[in-house]
Amino acid sequence: MYQFGNLQSEEYACPEVSIVIYNPLDDYKGDTQGEKVNAIVDTGAEMTVVPQSTINALRRRSINEFETYPIIMENADGSTVICDVYRLCVRLIESEESESSGQENLQINFIEREIEIVSLPDKEYALIGRDFLDLYKVVFNFKNRLWGFCDETNCQIS
């Protein structure tokens, strides 16, 4: 289960998650090998988007080259921009604050996919798009500011 937050706007809360991006050609050994970035869930975005700074940091620590190609992307306002697309893995992380110590405890989730990711130079956070979301059943509970993934037997978010 994930929570809503104010990453995109102080006025309106939206579904958020921390993600780890990593190169599928590298030997992945947990979240320390990838680049962690905060993300919003954007059901209007066709593709997952990450900040170019995240790609640059990942490139510095990756052993292998990324698969990449350019595309022309249309923004929500109708403007277009040329962007690089990378074939990378995305893994969602659940963050829980420990009641006893007050420290953040990261739980690696099994929600993970290799997808094509667009990078944008002016983004400060990532967007989880429909290319990722369409692979799962996703439930949003706006009243309680929670969201999560369903399986065939369990689809409740309190």
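Residues numbered from 1 in each chain as written. Predicted model: local features only at pLDDT ≥ 70, side-chain atom pairs only at ≥ 80, totals over all residues. Heavy atoms only, no water.

**Here we look at the overall build of the chain**
Put simply, the rule reads: Labels follow the DSSP assignment, with helices taken as runs of H or I lasting at least four residues and strands as runs of E lasting at least two, numbered in each case from the N terminus. By definition, residues are in contact when any of their heavy atoms lie within 4.5 Å. For the accessible areas, the method is Shrake-Rupley and the probe is 1.4 Å, while residue cover comes only from the protein chains on display.
Along its length, the chain carries two helices and ten strands. Each helix and strand of the chain, placed in order from N terminus to C terminus, yields the pattern β-β-β-β-α-β-β-β-β-α-β-β. At a minimum sequence separation of 6, the contacts of the chain that also span at least 24 residues come to 59%. Roughly 9500 Å² of accessible area belongs to the chain as shown, and the carbon and sulfur atoms make up 44% of that amount.

**Comments concerning the side chain of E112**
By the secondary structure assignment, E112 is in strand 7 (residues 104–120). Sequence-distant contacts of E112, defined by excluding residues within four places in its chain, comprise Y22, V90, R91, F132 and Y136.

**Things to note about the pattern of salt bridges**
Note the cut-off: What counts as a salt bridge is simple: a side-chain nitrogen of Lys or Arg found within 4 Å of a carboxyl oxygen of Asp or Glu. Residue exposure (1.4 Å probe, protein chains only): buried if accessible area is under 20% of the type maximum, exposed if over 50%, otherwise partly exposed.
One pass over the full model with this rule turns up three salt bridges. Among the salt bridges present, the one from E35 reaches R61, with a minimum N-O distance of 2.9 Å. A residue pair is termed long-range when its members are at least 10 positions apart, and E35 in strand 3 (residues 35–41) and R61 in helix 1 (residues 52–61) qualify at 26 residues. As a salt-bridge pair, E112 and R91 come within 2.5 Å of each other at their nearest N and O atoms. With E112 in strand 7 and R91 in strand 6 (residues 80–97), this pair connects stretches of sequence that are 21 residues apart. Accessibility expressed as a relative area gives 12% for R91, which makes it buried.

**Looking at the nonpolar core**
A general tendency of soluble globular proteins is for nonpolar side chains to be buried together. Applicable threshold: Residues grouped as a nonpolar core are buried Ala, Val, Leu, Ile, Met, Phe, Trp, Tyr and Cys residues, joined through side-chain atoms within 4.5 Å.
The biggest cluster of nonpolar side chains holds 25 residues, and the ones touching the most others in it are I19, I21, V90 and L92. Elements that contribute at least two residues to this core include exactly strand 1 (2–5), strand 2 (14–22), strand 3, helix 1, strand 6, strand 7, strand 8 (126–128) and helix 2 (130–133). Looking at this core element by element, the count peaks at four residues for strand 6. Apart from the residues lying within four places of it in its own chain, the contact partners of V90 are I19, V20, I21, I111, E112, R113, I115, I117, I128 and F132. Formed by ten residues, the second largest nonpolar core is a distinct cluster that contains C14, I40, M73 and V85.

**Comments concerning the packing of aromatic side chains**
Applicable threshold: Only Phe, Tyr and Trp rings are paired, with Trp represented by its six-membered ring, and only when their centres lie within 6.5 Å; those with planes under 30 degrees apart are stacked, over 60 edge-to-face, the remainder tilted.
Applying the stated criterion across every chain, the model contains nine aromatic pairs. For the ring pair F66 and Y86, a centre distance of 5.9 Å and an interplane angle of 85 degrees mean the geometry is edge-to-face. Linking F66 in the loop between helix 1 and strand 5 (68–74) with Y86 in strand 6, this pair joins segments that are 20 residues apart in sequence. Every member of this aromatic cluster is reached through a ring pair, and the members are Y2, F4, F132, Y136, F140, F142, W147 and F149.

**Observations concerning the confidence of the model for the chain**
The condition that has to hold: Residue-level confidence of the predictor, termed pLDDT, takes values from 0 up to 100.
Across the chain, the average pLDDT comes to 83, with 84% of residues at or above 70. Note on residues 97–108: pLDDT under 50 across the span, and 23 contacts to partners over four residues away in sequence or across chains.

**A word on the environment of P24**
The topology assignment puts P24 in the loop between strand 2 and strand 3. C-alpha separation for the pair P24 and F66, spaced 42 residues apart in sequence, amounts to 8.8 Å. Discounting residues that sit within four places of it in the chain, P24 has contacts with R87, L88, C89 and E114.

**What to know about the pairing of strand 2**
Here is the rule we go by: Pairing between strands is defined by DSSP: at least two bridges between the two strands are required.
Most of strand 2 is tucked away, with nine of its nine residues classed as buried. When strand 1 meets strand 2, the two strands line up antiparallel, connected through two bridges. What sits directly across from G5, in strand 2, is C14.

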